Protein chains: 2
Amino acid sequence: MSVLVVGSVAYDGIETPRGKVDRVLGGAGSHIALAASHFTNVRLVAVVGDDFAPADEEVLRRRNIDLEGLERAPGKTFFWQGVYSESMNERRTLVTDLNVFADFQPRLPESYRDTPLILLGNIQPSLQATVVDQATNRGFVAGDTMNYWIERTPDELARTIRSWDAILINDEEARQLSGETDLRASAAAIQAMGPTSVVIKRGEYGAALFHGDDCFLVPAHPLTTLVDPTGAGDAFAGGFMGWLDRCGIDRSSHPEQWQSQLRRAVVYGSIMGSFCCEQFGVDGLRNLTLERIDARYEEFQALLAY
Amino acid sequence: MSVLVVGSVAYDGIETPRGKVDRVLGGAGSHIALAASHFTNVRLVAVVGDDFAPADEEVLRRRNIDLEGLERAPGKTFFWQGVYSESMNERRTLVTDLNVFADFQPRLPESYRDTPLILLGNIQPSLQATVVDQATNRGFVAGDTMNYWIERTPDELARTIRSWDAILINDEEARQLSGETDLRASAAAIQAMGPTSVVIKRGEYGAALFHGDDCFLVPAHPLTTLVDPTGAGDAFAGGFMGWLDRCGIDRSSHPEQWQSQLRRAVVYGSIMGSFCCEQFGVDGLRNLTLERIDARYEEFQALLAY
């Protein structure tokens with residue numbers, strides 16, 4: 001099976017208390033695709049400029065990510081630059097140059113259209129909707145969004161997420177989107193907007209899954225060295241969706257097994273988020289092996305058992 | 001078996017977004033003792049003034065808490081008043097009248113001295129030390145502290161915790177005490193100060209246990225209605241210590257079983273913290289039954305299984 005991923009492919013300039021890097025491969029699409037690629041085949045829809053380096057394309061290609069949907073447009077690749085606080089719980093954006101991403105119109109190559117699992121990275125809600133419209137074999141649609149769209153295009157966002165099966169957002173966004181402060185109440189309010197499954201990413205505190213009436217909580221892996229949190233939420237989404245595709249459960253015919261795989265998907269999401277944070281940019285995701293992922297899964301089980 | 005508890009017995013005035021109460025029974029000693037009383041026998045060492053109402057004493061007595069160590073001094077009972085923010089993640093203290101608590105010198109009645117499990121609520125470190133000095137059958141000593149003592153009496157605090165088996169503190173205090181921001185690093189630094197077991201309470205995000213090289217994480221129970229967080233950390237400590245006494249494992253002869261009971265104790269601590277938050281003051285703890293506690297334990301297991 002395959003997962004269709006849409007999201008930004010960017011260059012990032014990142015400064016954290018652990019160091020500084022300039023123009024490294026980044027963007028939600030890259031992090032999602034690389035994380036998911038450890039579990040399944042990934043088809044990426046994104047846009048880059050003519051400055052996009054062959055070496056960076058090679059990073060994606062080496063993970064067998066299908067790049068037929070990676071459009072090249074005249075101009076520069078999306079560039080983001082930010083600096084993290086001492087605790088890395090806050091970050092300040094210094095530069096956001098959308099460049100070719102400003103006019104991005106996601107187009108699915110013919111070969112992508114029948115992909116049943118679709119993961120919509122955080123882009124404009126109306127563009128997320130056009131991706132789903134182009135798909136011909138819609139199985140399970142999950143998406144991310146952010147405060148920018150919640151504040152500026154609330155109606156467009158509401159229309160878009162109405163058809164999603166799952167939404168993956170952080171706790172601040174969940175509060176903003178729902179208008180509720182309590183975790184359970186905000187998840188219930190978001191479920192009422194459409195998605196049956198609401199995954200709330202809580203950073204260093206883990207994640208929560210609300211699926212119908214079911215609730216599942218998982219703490220974050222306690223990292224020994226947090227180097228760079230950039231893209232951790234996207235790596236989470238990639239691990240989550242990659243696992244769901246890999247486990248291959250038919251959710252309509254096996255709802256209980258699906259529910260338990262959703263929980264596992266949240267654990268794999270957490271694990272991919274933890275690997276992401278251990279190195280700058282996508283370095284924590286690109287050279288991983290399934291053996292290391294499974295070892296951390298077991299380590300995780302040992303951390304949580306009682 | 002029994003647990004010896006030392007800590008404040010106070011009157012609290014509390015305002016949260018869910019309501020307001022005045023002069024309700026509170027204090028670390030009350031919350032700890034009531035939480036622990038659901039698991040084992042509790043012997044309380046504390047001081048109250050001559051305004052302490054028989055009805056409030058009755059609340060403790062009805063839970064079979066031994067009050068031989070509850071000293072009555074001329075003057076008023078410790079009074080605290082505070083108001084919580086909308087999210088209840090922050091609170092502002094309006095009044096702290098130490099009253100009779102200012103001159104508190106914990107004295108163990110003869111019948112308390114052989115209690116093997118000792119839980120030291122958050123009082124001045126040198127007073128915590130005198131409690132341990134008076135004990136004749138010291139088995140397992142756990143204690144709490146706070147930023148006030150970390151800042152003002154660091155040397156006295158260091159001398160006191162050196163002999164503790166476990167310390168239970170919140171994440172902010174753990175960072176302050178250790179000088180480390182990372183959870184694991186701060187736990188390791190605190191272990192190096194003495195306690196083999198470090199329990200870090202993370203409020204709405206749960207708790208972490210570091211025992212030797214072992215690490216255990218548990219999320220908080222997702223409450224449907226958070227009414228008043230006052231005393232939740234103390235209720236946690238009471239549940240933790242109460243369970244350890246109830247399970248009755250000899251930690252030197254059965255270190256592995258002890259380790260797994262420590263994990264369970266953290267879960268029971270979380271559960272008692274969640275009950276505490278659901279009502280004002282000690283109301284969430286006083287009328288509980290072991291059946292409801294066990295039901296929540298099972299509910300908790302279902303929330304965490306994958």
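Every value quoted in this text rests on a predicted model; they were computed, and no experiment measured them. (Residues numbered from 1 in each chain as written. Chains lettered and ligands numbered in written order. Predicted model: local features only at pLDDT ≥ 70, side-chain atom pairs only at ≥ 80, totals over all residues. Heavy atoms only, no water.)

### Some words on the relation of the copies chain B and chain A
And step 1. Between chain B and chain A, which share one sequence, the superposing operator has a rotation angle of 180 degrees and an axial displacement of 0.0 Å; the RMSD is 0.0 Å. Accordingly, the operation relating the two chain copies is best matched by a two-fold axis.
And step 2. Most of the interface of chain B is mirrored in chain A, where 96% of its interface residues again form contacts. (Least-squares fit on C-alpha atoms with pLDDT ≥ 70 in both. Contact = heavy atoms within 4.5 Å.)

### Things to note about the side chain of Asp165(B)
All names here are of chain B.
And step 1. In this structure, Asp165 sits in the loop between α5 (154–161) and β10 (166–170).
And step 2. For Asp165, a relative accessible area of 12% translates into the label buried.
And step 3. Within the structure, Asp165 has its side chain in polar contact with the backbone nitrogen of Val141 (distance 2.7 Å).
And step 4. For Asp165, the side chain forms a polar contact with the side chain of Arg251, separated by 3.3 Å. (Helix = DSSP H or I, 4+ residues; strand = E, 2+ residues; numbered from the N terminus. Buried < 20%, exposed > 50% of the residue type's maximum accessible area, 1.4 Å probe, protein only. Polar contact = N/O pair within 3.5 Å; in protein donor to acceptor, adjacent residues only side chain to side chain.)

### Brief notes about the confidence of the model for chain A
And step 1. For chain A, the average pLDDT comes to 95, and 99% of its residues sit at 70 or higher.
And step 2. Here the predicted complex carries an ipTM of 0.78, next to a pTM of 0.88. (pLDDT = per-residue confidence, 0-100.)

### A few points about the packing of aromatic side chains
And step 1. On inspection of all chains with the given rule, the structure shows 23 aromatic pairs over all chains.
And step 2. Between Phe39(A) and Trp243(A) the ring centres are 6.5 Å apart and the planes differ by 90 degrees, which places this aromatic pair in the edge-to-face class. Note that Phe39(A) is positioned in the loop between α1 (28–36) and β4 (41–48) and Trp243(A) in helix α8 (residues 232–247), a separation of 204 residues in sequence.
And step 3. Three or more aromatic residues joined by ring pairs form one cluster here, namely Phe39(A), Phe216(A), Trp243(A), Tyr268(A), Tyr297(A) and Tyr306(B). (Phe/Tyr/Trp six-rings, centres within 6.5 Å; stacked < 30°, edge-to-face > 60°.)

### Section: the sheet that holds strand β4 (residues 41–48) of chain B
Residues and elements named next belong to chain B.
And step 1. One open sheet holds the 9 strands; their spatial order is β5-β4-β1-β8-β9-β10-β11-β12-β13, and the pairing between them is mixed. In this open sheet, the two strands that pair with only one neighbour each are β5 (66–72) and β13 (214–218). Going across the sheet, the axis of each strand differs from the next one's by a mean of 15 degrees, ignoring polarity.
And step 2. Two elements, strand β9 (residues 140–143) and β10, share 2 bridges in a ladder whose sense is parallel. Across the sheet, the residue bridging to Ala142 is Ala166, located in β10. (Pairing = 2+ DSSP bridges. Axes fitted to C-alpha atoms, helices over the stretch in contact; angles between N-to-C directions.)

### Quick look at unusual backbone geometry
All names here are of chain A.
And step 1. In the Ramachandran plot, Arg23 falls in the positive-phi region, its phi being about 50 degrees despite a non-glycine side chain.
And step 2. By the secondary structure assignment, Arg23 is in strand β3 (residues 19–26).
And step 3. Unlike most non-glycine residues, Asn64 shows phi in positive territory, near 65 degrees.
And step 4. Judged by relative accessible area, Asn64 falls into the exposed class, the value being 63%.

### Re the packing of helix α3 (residues 125–134) of chain A against helix α5 (residues 154–161) of chain A
Residues and elements named next belong to chain A.
And step 1. One can describe the packing of α3 onto α5 by two numbers: an axis separation of 8 Å at closest approach and a directional angle of 25 degrees. Considering the angle they form, α3 stands roughly parallel to α5. Regarding α3 and α5, the two cross each other, and that crossing is left-handed. Judged by residue contacts, Pro125, Ser126, Gln128 and Ala129 of α3 engage Glu156, Leu157 and Thr160 from α5. (Parallel < 35°, antiparallel > 145°, perpendicular 65-115°, else oblique. Left-handed = near helix turned anticlockwise from the far one by under 90°.)

### What about the interface of chain B and chain A?
And step 1. Every contact between the two is made by 27 residues of chain B and, on the other side, 26 residues of chain A.
And step 2. Both sides of the chain B and chain A interface together cover about 2700 Å² of buried area, and 55% of this is carbon and sulfur.
And step 3. Three residues stand out in chain B for area buried against chain A, namely Tyr205(B), Leu217(B) and Tyr306(B), and they jointly supply 30% of the buried area on that side.
And step 4. Applying the counting rule to chain B against chain A returns 0 salt bridges.
And step 5. Viewed at the interface, chain A and chain B are joined by 6 residue pairs in polar contact (both at pLDDT 80 or more). (Buried area = accessible area lost by both parts, 1.4 Å probe. Salt bridge = Lys/Arg side-chain N within 4 Å of Asp/Glu carboxyl O.)

### Some thoughts on α8(A)
Helical geometry: 3.6 residues make up each α-helical turn, so side chains three or four residues apart lie on a common side.
Residues and elements named next belong to chain A.
And step 1. Taking 1.5 Å of rise per residue, the 16 residues of α8 would be expected to cover 22 Å, and the 22 Å separating its terminal C-alpha atoms lies within 8% of that figure.
And step 2. In terms of residue burial, α8 counts as a mostly covered element, since 14 of its 16 residues are buried.
And step 3. Phi turns positive, to about 65 degrees, at Gly248, one or two residues after α8. (Expected span 1.5 Å × (residues − 1).)

### With respect to the sheet that holds β3(A)
Residues and elements named next belong to chain A.
And step 1. The strand order across the open sheet formed by 4 strands is β3-β2-β6-β7, and the pairing between neighbours is mixed. At either end of the open sheet lies a strand with only one pairing partner, and these are β3 and β7 (91–97). Within this sheet the neighbouring strands show an average axis-to-axis angle of 15 degrees, counted without direction.
And step 2. The pairing of strand β2 (residues 10–16) with strand β6 (residues 79–84) spans 5 bridges and is classified as parallel. When the sheet's bridge partners are listed, Asp12 is paired in β6 with Trp80.

### With respect to the packing of helix α1 (residues 28–36) of chain B against helix α8 (residues 232–247) of chain B
Residue and element names in this part refer to chain B.
And step 1. Relative to each other, α1 and α8 sit at 40 degrees, their axes nearing to 7 Å. Our classification of the angle between α1 and α8 gives oblique. The two elements α1 and α8 meet at a crossing, and its hand is right-handed. Of the residues in α8, those touching α1 at Ala28, His31, Ile32, Ala35 and Ala36 are Asp234, Ala235, Gly238, Gly239 and Gly242.
And step 2. Grouping the constituent residues of the contact of α1 with α8 by class yields 5 nonpolar, 4 polar and 1 charged. (Nonpolar A, V, L, I, M, F, W, Y, C, P; charged D, E, K, R; others polar.)

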